[in-house]
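# Structural characterization, general
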Amino acid sequence: DTGVSQDPRHKITKRGQNVTFRCDPISEHNRLYWYRQTLGQGPEFLTYFQNEAQLEKSRLLSDRFSAERPKGSFSTLEIQRTEQGDSAMYLCASSIAGGNVYEQYFGPGTRLTVT
Amino acid sequence: AQKVTQAQTEISVVEKEDVTLDCVYETRDTTYYLFWYKQPPSGELVFLIRRNSFDEQNEISGRYSWNFQKSTSSFNFTITASQVVDSAVYFCALSEAPQGGSEKLVFGKGTKLTVNP
């Protein structure tokens, strides 16, 4: 079990460019979450997948953001036409599904800086 | 609506002191789950504990202990005999259990703990 991995760890981009981040969850986890964390704040929920289905999106997820999990394994988060306000740490987490609410395991995050 | 409040923004202690991190939550559900996570300077969130709303037993794990009180909607975390390696930001989080919905975590703003040698 290698844990949740995210790539890249850091991304610097110019305003207006598109960026894409990847998340590989723990292999037996069928639930995958994306969160965003800005300086001095707790993580905020963006979106959630169960297997390949995207079941919930936060109002924080503007139409410039899109997420996919095509085969129910890894997931990508794309931000189009980046803005300076998109600068944040993007965190991916995964968990197992079941009758209870289980803990989510987080990856190291992708730190995005928009200049 | 769900809300988690961690009123202590920063705490600084000297090694070997005991320290308690406060967490107060709001939810309309009767079934919910509470969590604590640690975020060391490296940045990766580390899961510490999960507690469901039907289990009010306090828990102890080594130097860590948690006090869950539904009457005051609090889930406080105590570190006994703190060590420099405990320095981190600690987050309390809440998840409701909506049928068929996500179990997204709602986080507090975190408490930055600094343990000085």
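Since the structure is predicted, the reported quantities are computational estimates derived from the model, not experimental observations.

## Quick word on the sheet that holds strand S3 (residues 19-24) of chain A
Whenever strands of a sheet pair, they do so through backbone hydrogen bonds, lying parallel or antiparallel. All names here are of chain A. The strand order across the open sheet formed by four strands is S1-S3-S8-S7, and the pairing between neighbours is antiparallel. Each edge of the sheet is formed by a strand with only one pairing partner; in this case those strands are strand S1 (5-7) and strand S7 (65-68). Across the sheet, the axes of successive neighbouring strands diverge by a mean angle of 15 degrees, strand direction being ignored.

## Concerning the pairing of S7 of chain A
The side chains of a regular strand alternate between the sheet's two faces. Residues and elements named next belong to chain A. Only one face of S7 is covered, namely the one carrying Phe 65 and Ala 67; the face carrying Ser 66 and Glu 68 has none of its residues buried. Inspection of the sheet shows S7 paired to strand S8 (residues 75-79) by four bridges, in the antiparallel sense. Across the sheet, Ala 67 pairs through a bridge with Leu 77, a residue of S8. Following S7, the chain reverses through six residues before pairing antiparallel with S8; Gly 72 in that reversal takes a positive phi of roughly 70 degrees.

## Description of the state of the cysteines
Residues and elements named next belong to chain A. Under the counting rule described, the total for this entry stands at two disulfides over all chains. Covalent S-S linkage joins Cys 23 and Cys 92, the inter-sulfur distance amounting to 1.8 Å. For the disulfide bridge between Cys 23 and Cys 92, the dihedral angle about the S-S bond is near -70 degrees, and by the sign convention the bridge is left-handed. Of the two residues, Cys 23 is situated in strand S3 and Cys 92 in strand S9 (residues 88-95); the sequence distance between them amounts to 69 residues.

## Section: the pattern of salt bridges
The full count for this structure, using the stated rule, is nine salt bridges over all chains. Among the ionic pairs, Lys 104 of chain B bridges to Glu 56 of chain A, the shortest N-O distance being 2.6 Å. Highlighted residues: Lys 104 of chain B in the loop between strand S10 (88-96) and strand S11 (106-107) and Glu 56 of chain A in strand S6 (residues 53-57), drawn from two different chains. A residue is classified by how much of its surface remains accessible, and Lys 104 of chain B, at 23% relative accessible area, is partly exposed. One salt bridge connects Arg 51 of chain B with Glu 59 of chain B, and the closest N-O pair in it is separated by 2.8 Å. The exposure class of Arg 51 of chain B is buried, given its relative accessible area of 7%. On the accessibility criterion, Glu 59 of chain B (29% relative accessible area) is partly exposed. Within this structure, Arg 64, Glu 83 and Asp 86 of chain A form a network of salt bridges that share partners.

Criteria and thresholds
- Residues numbered from 1 in each chain as written.
- Chains lettered and ligands numbered in written order.
- Predicted model: local features only at pLDDT ≥ 70, side-chain atom pairs only at ≥ 80, totals over all residues.
- Heavy atoms only, no water.
- Pairing = 2+ DSSP bridges.
- Helix = DSSP H or I, 4+ residues; strand = E, 2+ residues; numbered from the N terminus.
- Axes fitted to C-alpha atoms, helices over the stretch in contact; angles between N-to-C directions.
- Buried < 20%, exposed > 50% of the residue type's maximum accessible area, 1.4 Å probe, protein only.
- Disulfide = S-S within 2.5 Å.
- Salt bridge = Lys/Arg side-chain N within 4 Å of Asp/Glu carboxyl O.

Note that all results are geometric; they support no functional claim without further evidence.
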